[in-house]
Amino acid sequence: MSRTTSRRPRTAALDRAACIAHNLWWTWNPDARRLFEGLDPAAWEASNHNPVATMQRLADSRRAALLADTDFAHRVDVVEKHLSGYLKSATWFGRSHRGNDRKLRVAYFCMEYAFHESLPLYAGGLGVLAGDHLKSASDLGIPLVGVGVLWKYGYYRQEIQLDGEVRVLYPENRFDQLPVTNTGKTITVPIGKSKVKARIWKATIGRIELFLLDTDLKANKPADRKLTHHLYGGNRTDRIRQEILLGIGGLLALDALGIEPTVFHLNEGHAAFCGLERLRRLIKAGMSFSEAQETVRGSSVFTTHTPVPEGNDRFETPLFNRYLGHFASALGLTKDEFLALGREDESDRKEPFCMTVLALKLSEHCNGVAKLHAETSRQMWMKTYNAASAKDVPIGHVTNGIHVESWLSDQARPFYDRHLKPKWVGAGPEDDWWRRIDKAPKEDIWALRQLLRRRLIAFLRERMRRQILSHGGDAAMIQELYETLDENALTIGFARRFALYKRAPLIFRDVKRLAKIMGDANRPVQLIFAGKAHPQDTAGHEFVRRVQSYARRAPFRGRVLLLENYDMHIGRQLTQGCDLWLNNPIRPMEASGTSGMKPPLNAGLNFSILDGWWPEGYNGRNGWSIGSGETFTSRAKQDRYDAESIYETLENEIVPAFYDRNRKGVPARWVRMVVSSMKSVCCEFSTHRMLSEYTDGFYLPAHRS
Ligand SMILES: *Cc1c(COP(=O)(O)O)cnc(C)c1O
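Structure report, in brief. These figures come from a predicted structure and were not determined experimentally.

Attention now goes to the overall build of the protein. Secondary structure summary: the protein contains 29 helices and 19 strands in total. The C-alpha radius of gyration computed for the protein amounts to 26 Å, which stays within 12% of the reference 27 Å derived for 705 residues, consistent with globular compactness. With respect to the three principal axes, the spread of C-alpha positions in the protein is 80 × 75 × 50 Å. Counting across all 705 residues of the protein, residues that qualify as buried make up 61%. Contacts in the protein between residues far apart in sequence, at least 24 positions, make up 72% of those at least 6 positions apart. When the accessible surface of the protein is totalled, it reaches about 27000 Å², and 50% of it is carbon and sulfur. Measuring between centres, the 100 positive side-chain charges of the protein sit 3 Å from its 81 negative side-chain charges.

On to the site of the ligand. Neighbouring the ligand are 13 residues, the closest being Trp407, Lys502, Thr594, Ser595 and Lys598. With respect to the ligand, the side chain of Lys598 contributes an N or O atom lying 2.6 Å from an oxygen atom. When the ligand is considered free in solution it has 390 Å² of accessible area, and contact with the protein chains removes 95% of it. Residues lining the shell around the ligand come from more than one domain, with at least three contributed by each of domain 2 (101-400 + 691-704) and domain 3 (443-685).

Quick look at the nonpolar core now. Counting 130 residues, the largest nonpolar core has Phe36, Phe273, Leu276, Leu324, Phe338 and Tyr699 as the members making the most contacts within it. The element contributing the most residues to this core is helix α11 (residues 236-256), with 9 residues. There are two domains that each give this core at least three residues, and those are domain 1 (10-88) and domain 2 (101-400 + 691-704). Not counting chain neighbours up to four residues away, the residues in contact with Leu324 comprise Ile240, Ile244, Ile248, Phe273, Leu276 and Phe338. Within the second largest apolar cluster, 82 residues are counted, among which are Val404, Leu562, Trp624 and Met678.

All chains considered together, the criterion is met by 46 salt bridges. The shortest N-O distance in the salt bridge between Asp313 and Arg239 comes to 3.0 Å. Taken together, the residues span a long stretch of sequence, with Asp313 in the loop between β9 (300-303) and β10 (314-315) and Arg239 in helix α11 at a distance of 74 residues. Taking relative accessible area as the criterion, Asp313 reaches 5% and is therefore assigned buried. The exposure class of Arg239 is buried, given its relative accessible area of 12%. Residues joined by salt bridges that share partners form a network here, namely Glu45, Glu462, Arg465 and Arg466.

One ladder, built from 4 bridges, connects strand β3 (residues 157-160) with strand β4 (residues 166-169); its direction is antiparallel. Within β4, the position partnered with Arg157 by the bridge is Leu169.

Moving on to the packing of aromatic side chains. Tallied over the full model, the rule gives 33 aromatic pairs. For the ring pair Phe320 and Phe353, a centre distance of 3.8 Å and an interplane angle of 15 degrees mean the geometry is stacked. Within this pair, whereas Phe320 is found in helix α14 (residues 317-324), its partner Phe353 is found in strand β11 (residues 353-354), the two being separated by 33 residues in sequence. A relative accessible area of 0% means that Phe320 is categorised as buried. For Phe353, a relative accessible area of 2% puts it in the buried group. For the ring pair Tyr416 and Trp434, a centre distance of 6.2 Å and an interplane angle of 80 degrees mean the geometry is edge-to-face.

All right, on to unusual backbone geometry then. A cis geometry characterises the amide bond from Ala554 onward to Pro555, with omega recorded as 0 degrees. A cis amide bond links Arg587 to the next residue, Pro588, at an omega of 0 degrees. Among the structural elements, Pro588 can be located in the loop between β17 (580-583) and β18 (605-609). The residue Tyr232 is not glycine, and still its phi comes out positive at about 55 degrees. Taking relative accessible area as the criterion, Tyr232 reaches 13% and is therefore assigned buried.

All right, on to the sheet that holds strand β14 (residues 490-495) then. Across the sheet, 6 strands lie side by side as β16-β15-β14-β17-β18-β19; this open sheet has parallel pairing. This sheet does not close on itself; its edge strands, each paired only once, are β16 (560-563) and β19 (623-626). Neighbour-to-neighbour, the strand axes of the sheet open up by a mean angle of 20 degrees, direction not taken into account. Two elements, strand β15 (residues 525-530) and β16, share 4 bridges in a ladder whose sense is parallel. By the bridge assignment, Ala530 is partnered in β16 with Leu563. In the packing of helix α21 (residues 442-470) onto the sheet, contacts are made with β14, β15 and β16, and the angle to β16 comes to roughly 65 degrees.

Below, the discussion takes up the sheet that holds strand β12 (residues 365-368). Taking strand neighbours across the sheet as the criterion, the 9 strands line up as β5-β6-β7-β2-β1-β8-β9-β12-β13 in an open arrangement whose pairing is mixed. Among the strands making up the open sheet, the edge pair consists of β5 (181-191) and β13 (395-397). Adjacent strand axes in the sheet meet at a mean angle of 25 degrees, parallel and antiparallel pairs treated alike.

Turning our eyes to something else, we now look at the pairing of strand β8 (residues 263-267). Moving residue by residue along a regular strand, the side chains alternate between the two faces of the sheet. In terms of burial, β8 is largely enclosed, as 5 of its 5 residues are buried. Taking every second residue as pointing to the same face, both faces of β8 are buried, with Val263, His265 and Asn267 on one and Phe264 and Leu266 on the other.

Conventions we followed
Residues numbered from 1 in each chain as written. Predicted model: local features only at pLDDT ≥ 70, side-chain atom pairs only at ≥ 80, totals over all residues. Heavy atoms only, no water. Helix = DSSP H or I, 4+ residues; strand = E, 2+ residues; numbered from the N terminus. Rg over C-alpha atoms; globule rule 2.2 N^0.38 Å. Buried < 20%, exposed > 50% of the residue type's maximum accessible area, 1.4 Å probe, protein only. Contact = heavy atoms within 4.5 Å. Areas by Shrake-Rupley, 256 points an atom, 1.4 Å probe, with all protein chains shown as cover. Lys, Arg positive; Asp, Glu negative; His and termini not counted. Charge placed at Lys NZ, Arg CZ, Asp CG, Glu CD. Near = heavy atom within 4 Å. Polar contact = N/O pair within 3.5 Å; in protein donor to acceptor, adjacent residues only side chain to side chain. Domains from an automatic or database assignment. Core = buried A, V, L, I, M, F, W, Y, C linked by side-chain atoms within 4.5 Å. Salt bridge = Lys/Arg side-chain N within 4 Å of Asp/Glu carboxyl O. Pairing = 2+ DSSP bridges. Phe/Tyr/Trp six-rings, centres within 6.5 Å; stacked < 30°, edge-to-face > 60°. Axes fitted to C-alpha atoms, helices over the stretch in contact; angles between N-to-C directions.

Keep in mind these numbers describe shape, not what the thing actually does.
If you want it as structure tokens, here you go:
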């Protein structure tokens, strides 16, 4: 094969590499990533690992050198063959589903998607989940198309000054430097009095197509152009307009592309207007309202993602009527009957219109994202169903997962190949490689852990050096950091959005006690933080300031770090490198949480409140719980209780387990827990398992109806 390749025109190699860069499959293929990095390591770094931008910035001399390099052409060949082999491989869906089920076609709607740090169309966990959902749908061969928005500025870039003040920046996403292509199709979406034009872009994720809407077109009025500028920015009017674009515009986009889904999956309530438009069409075609409602409900899947009130969008009646009021007559309903579609209490004429309620009323297949979250959701939405008891509320659960290959460290892969022998391509949800972990020598597991921590420390030194310098810090600060950061110390990570309920600074409740735990010269502990607060969340930014103030002063200086601009890259580094992953939300506000599913893949352990996924994941031997699920109505009491549990567990269990070494220098008890953690978490909390549950429990029943 390589002989035929060398006869191809010499320009082909770079063009073919550009083709590979336009399939986001490369984000979970280490050879592809190394290929792109090798093009120009400095440009790769400067572009936050963006292969399209890296190729555009190649100097002429470098371009010429690459084109003359037969070894480079060969490496492109190899990666190209991986990709085409992947696309042709047999899949779980193909193997296990026959007949009419094969005609399934799911349309998946989400406001944000996170595939990679170089495609910043996400704010946090919801986007990461959606990205991992599409990646696993590709691996498993599930027929699904995604619908979303191509954000021009996306979420924000966070800079943390030395004093803890946050600067919020919005660098522009240059679409010509993103792995998206213009489909050449535009649609016109009626939004209020405007007819907004939206261009349809396409991103490709393995076998999956994702269509992204962009209204920043010259043909639009300035206010309409801004619709796709800022993810979760702006006021209520901006929000309702964006949700019309996603829900109704998304449906129009599928029409324009000739795609006829049999199932609609609304990932969070943002896209629920899609159901209104579907109702309107069915009624126009002659159905009664109730027939249309049954049809829409039967083919709709809705996933609710949070009990936090701000996460469940509500619109005041005048605003809602201004933008959606015309639907009432189109659906043959009175104004009040129509508004009742978004009200928990249909007789309450003051209740604002709630997107979650609309989605629940228009979807037969509803779920929360963990078992506990579904219980919470059934309690929360009783009124919507006029239910006398929470158990009568038809909200089930599909516990979230992560896309394993995206979160697995490259440095862990040789260990996996040697001891677990995974065959990633073509694997299904039943392929549990981690069963074999018992056979791996404890020393090898520990060696992997040490390697991943050391790699993290190197990353932290480099990142913090840049961060300190860019904010006017001096060489002495960097020197101190280099000396204090310890490759062998127990390293605890905490990275997530700085939302109030996640309580980032909780561990500092008793500063003296924490200082004693961390400062023991024989058993040192270091703590790494990262996270963004919503730009308008002043309390969240206060958390950032507090954590930064501890990081700056004795006795924590050099042992507590706060990295700015948490993104998928930092997320990968921390979840791969940390020994212990700390999670202390107020129960039951953390619907699922997925960051804690990442460390077990990389021989890390969890230390978490029994909230979200952890009550399902925790078995007493695979990590630690903070408390045992106690909840108090007083916030101060809750904080005191949970902080006490954190200190006690660190002092009596975690630190000793990490530092008690056997003759070979291995902490045997710690490694036993790592084994238990890998076995119980990695397969069970993967998006492969999650997608198989959505497919068999939700998509196919909805498709058959
Ligand atoms: C995994 C991940 C999340 C989700 O974290 P939670 O535990 O759900 O808060 C958010 N952001 C990034 C960048 C991630 O990698």
